[in-house]
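# Chain and residue survey
Okay, here's what each chain looks like letter by letter:
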Amino acid sequence: MCGIVGAIAERNVSAILIEGLKRLEYRGYDSAGVAICNLAGELRRSRRIGKVAALEQALGEEPLPGHLGIAHTRWATHGVPSEANAHPHFSGESLAVVHNGIIENHDELRQRLERLGYVFTSQTDTETIVHLLHHTLKRLPDLADALKAVVGELHGAYGLAVISRAQPDRILAARSGSPLVVGLGLGENFIASDPLALRQVTDRFIYLEEGDIADIRRDSLQIWNAAGTTVQRETVQFHESAEAAEKGEYRHYMLKEIFEQPRVVQRTLEGRLGATQVLVAAFGPQAVELFARVRQVQIVACGTSYHAGMVARYWLEELTGIPCQVEVASEFRYRTVAVHPDSLFVTISQSGETADTLAALRDARSSGYLASLAICNVGTSSLVRESDLVLLTNAGPEIGVASTKAFTTQLVALLLLTLALGRARGTLDPAREAELVAALRALPGDLQAVLGMDKAVEQISALFAEKHHTLFLGRGAQYPVAMEGALKLKEISYIHAEAYPAGELKHGPLALVDSDMPVVTVAPNNALLEKLKSNLQEVRARGGQLVVFADREAGLENGEGVHVVQVPHIHPLLAPILYTVPLQLLSYHVAVLKGTDVDQPRNLAKSVTVE
Ligand code: HGA
């Protein structure tokens, strides 16, 4: 989801708003707009399709000076990218709103408001908010009272800011499922969807919490929680070291990025979950209609992203019954592929510039696929620009060459895709979807808990420092997790690591197992646990050292040559996301012990833009 910036000050705010929008450009967007209330009490707006620079140029030609304003970069979910659909949306000439997220009951609200005589000028869900607010103000003339009533009628996800020409001393903001932060200045205050947008004007921030409504004035701020009670929220002071591109307290970017996972997973979920459902329109305006036609999924990616795709295949086939194929891009692009016409072509890439993946997408465009969907971390990338549908992973900049937070957020995005496809196709039981939405909401907390294993994993890492070879084993969706664990260890510690489905051990690799070959296994408490236990016996019988990351309730215990590290319990379908983290920590600590260059391992590049 894209950007919101708002400001109330004594000075002219238009340059502040434009600078704020520029700072959010990296997230990707299709249009931009600003609404400003001037000293004559007029509310005026300017909107442009395309870049913020085009909006800036428009404001250069026709300035909109004023002390109160809101601005937005839009990524269309309801209605095509166009000037008419760009935010801010107006009701008459008195009220303006900017909105990130999706209003699920927009159809019903639109019909009701049209019956009341409101004329819509856009196809967006957002426009319903501003007319509903206009209508409510007739009964509740105070903007805060009216907004409190309005949010009670909105279903879905929103971060929004409104201004009124009749009450030009305030910005009202509301948050539910999409982030907002208030920036505190001296005699001026701000609102944004990301503090980055306001770093040029302040370093003091108050994060709004779910259900909060804020009344932001030049020299005061009042916040109500979801129950309508006035609350004080903590002020956070930013220091340079807390900025995204700094290592801060961490020794390496990779460790910092591993520890960021609870927060960035939360960000990836924001604006995409309703009470019991995934918000399908988060994938783009045509997603609802296109997803209903999908009969097959073809995933193409490289490296870590390929492993994310392999996990997704288990989810897609189990939860939606839609057949799914996954292939590395460098192979896919050079072979003749038989394409099912109702097949969705999905690419996954952190940077969105991965040469092989991009080439595969370009070929796919003329191969008869139903549509293309990119799962990507960079909103301005080629992959995003050239795909029909997009879901951004919102992991923030990833500096360490070995991918960590990009992978777990890709998994989250792929699970959202699975649920969205299952619903659109009518093959996913609503109760199952609700259960998984609840599990996803709990995931940031689960990830936080698993990071508490850091010390235990560090101790285990000593077992690997002198070794030259390692095996990683997993079954089911844990097999690609084992592959990702092996890749991480190879990449940064230069230890040869191979992953096998645990059942394949006896068909060859068991010949390698001896006391010099540690074997790492991920063992959540799922249906395959008993089978996995037998495979572990096979290893022990050959004198192999076993390191097992196991569910607390899996009944596995330390013993001679068996090192069990307990992992908090998790919904079995989310286990691949959680079990990835201890494997990341393991490769990190082994690499530190070996003294390798963790963040820039030899021979590797971050964004592989060459074939
Ligand atoms: N649903 C709204 C807002 C989408 C969004 O968050 N954009 O940044 C729309 O389609 O305009």
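Our structure's up above, just so we're on the same page.
Figured I'd write up the structure that's included with this text. The structure presented is a predicted model; accordingly, all values stated were derived computationally and were not measured.

## Comments concerning the overall build of the protein chain
Along its length, the protein chain carries 18 helices and 25 strands. Here the protein chain has a C-alpha radius of gyration of 25 Å; the compact-globule value for 611 residues is 25 Å, and the two agree. Its C-alpha atoms put the protein chain at 85 × 50 × 45 Å along the principal axes. Here the analysis covers contacts within the protein chain between residues at least 6 apart in sequence; of these, 71% occur between residues at least 24 apart. Charge-centre separation for the protein chain: the mean point of 57 positive side chains lies 1 Å from the mean point of 70 negative side chains.

## So, the sheet that holds strand β2 (residues 31-37)
Taken in spatial order, the eight strands line up as β3-β2-β4-β1-β10-β9-β11-β15 in an open sheet, and their pairing is antiparallel. Each end of this open sheet is capped by a strand with a single partner; those strands are β3 (43-49) and β15 (236-237). Pairing geometry for strand β11 (residues 204-207) and β15, over two bridges, is antiparallel. The residue bridging R204 from the neighbouring strand is Q237, located in β15. Each of β2, β3 and β4 (68-74) touches helix α2 (residues 52-61); the most contacted strand, β3, lies at about 140° to it.

## A look at the side chain of N377
Tracing the backbone through its elements, the reader meets N377 in the loop between β19 (371-376) and α12 (382-385). Of note is the side chain of N377, whose polar atom sits 3.5 Å from the backbone nitrogen of N394. There is a polar contact of 3.0 Å between the side chain of N377 and the backbone oxygen of G396. Residue contacts for N377: discarding those within four places in its chain leaves S349, Q350, T393, N394, A395 and G396.

## Focus on the site of the ligand
Around the ligand sit 16 residues, and of these R74, T77, H87, G101 and D125 come closest. Contact distances for the ligand include 2.6 Å between an oxygen atom and a side-chain N or O atom of R74. The separation between an oxygen atom of the ligand and a polar main-chain atom of H78 is 3.0 Å. Coverage of the ligand by the protein amounts to 100% of the 320 Å² it exposes when considered alone. According to the grid-proximity analysis, the pocket containing the ligand is the largest cavity.

## Details of helix α15 (residues 454-461)
All of the buried residues in α15 are D454, V457, I460 and S461. An end-on view of α15 places all buried positions within 125° of arc, on one side of the element. Exposed and facing more than 90 degrees away from the buried side of α15 are K455 and Q459. The secondary structure elements touched by the buried residues of α15 are α6 (253-259), α14 (430-451), β24 (546-551), β25 (562-567) and α18 (575-594).

## Description of the environment of E530
By the secondary structure assignment, E530 is in helix α17 (residues 529-540). Along the chain, E530 and S493 lie 37 residues apart, while their C-alpha atoms are 32 Å from each other.

## As for the sheet that holds strand β8 (residues 171-176)
Two modes of strand pairing occur in sheets, parallel and antiparallel, and in both the strands are linked by backbone hydrogen bonds. Spatial strand order, β5-β6-β7-β8-β12-β13-β14: seven strands in an open sheet with antiparallel pairing. Edge positions in the sheet fall to β5 (89-91) and β14 (230-231), since each of these pairs with one other strand and no more. For strand β6 (residues 95-103) and strand β7 (residues 156-164), the ladder comprises nine bridges, and the chain directions are antiparallel. The residue of β7 that forms the bridge with V97 is V162. Each of β5, β6 and β7 touches helix α4 (residues 126-137); the most contacted strand, β6, lies at about 130° to it.

## Side note on unusual backbone geometry
The omega torsion of the bond from H87 to P88 falls at 0°, within 30 degrees of zero and hence cis. With respect to the element layout, P88 can be found in the loop between β4 and β5. One non-glycine residue, N394, lies in positive phi territory at about 55°. With respect to the helices and strands, the residue N394 is situated in the loop between β20 (389-392) and α13 (405-425). The exposure class assigned to N394 is buried, which follows from its relative accessible area of 11%.

Cut-offs used in this document
- Position numbers for residues start from 1 in each chain and track the written sequence from start to end.
- Reporting in this predicted model follows two pLDDT cut-offs: at least 70 for local features of residues, and 80 or more for side-chain atom pairs to be given and counted; totals over whole chains, interfaces and linings ignore these cut-offs and use all residues.
- The side-chain numbers reported here are obtained from all heavy atoms of the structure, hydrogens and water having been left aside.
- Secondary structure elements follow DSSP: runs of H or I of four or more residues count as helices, runs of E of two or more count as strands, with numbering from the N terminus.
- The globule rule used for comparison is 2.2 Å times the number of residues to the exponent 0.38, while the radius of gyration itself is calculated over C-alpha atoms.
- Note on contacts: a residue pair is in contact if any heavy atoms of the two residues lie within 4.5 Å.
- Two residue types count as positive, namely Lys and Arg, and two as negative, namely Asp and Glu; His and chain ends fall outside the count.
- Every charge is mapped to an atom, namely NZ of Lys, CZ of Arg, CG of Asp or CD of Glu.
- Here, a strand pair is defined by DSSP locating no fewer than two bridges between the strands.
- For every element, the axis is a line fit to its C-alpha atoms; helices are fit only across the contacting stretch, and the angle between N-to-C directions ranges from 0 to 180 degrees.
- Here a polar contact means two N or O atoms within 3.5 Å. Within protein one must be a hydrogen donor candidate and the other an acceptor candidate, and residues neighboring in sequence count only if both atoms are side-chain atoms.
- In these notes, residues near a molecule or strand are those with any non-hydrogen atom within 4 Å of it.
- Accessible surface is estimated by sampling points in the Shrake-Rupley manner with a 1.4 Å probe; for residues, cover comes only from the protein chains shown.
- The method works on a 1 Å grid over the protein atoms by themselves. A cavity is a set of points holding a 1.4 Å probe that cannot get out, a pocket is an open set with protein on both sides within 12 Å along at least five of seven lines, and residues with an atom within 4 Å of a point line them.
- A pocket or cavity is taken to hold a molecule when more than half of that molecule's atoms are within 2 Å of the pocket's grid points.
- Each residue gets one of three labels from its accessible area relative to the maximum for its type: buried under 20%, exposed over 50%, partly exposed in between, using a 1.4 Å probe on protein chains only.
- Comment: arc refers to directions from the helix axis out to C-beta atoms.

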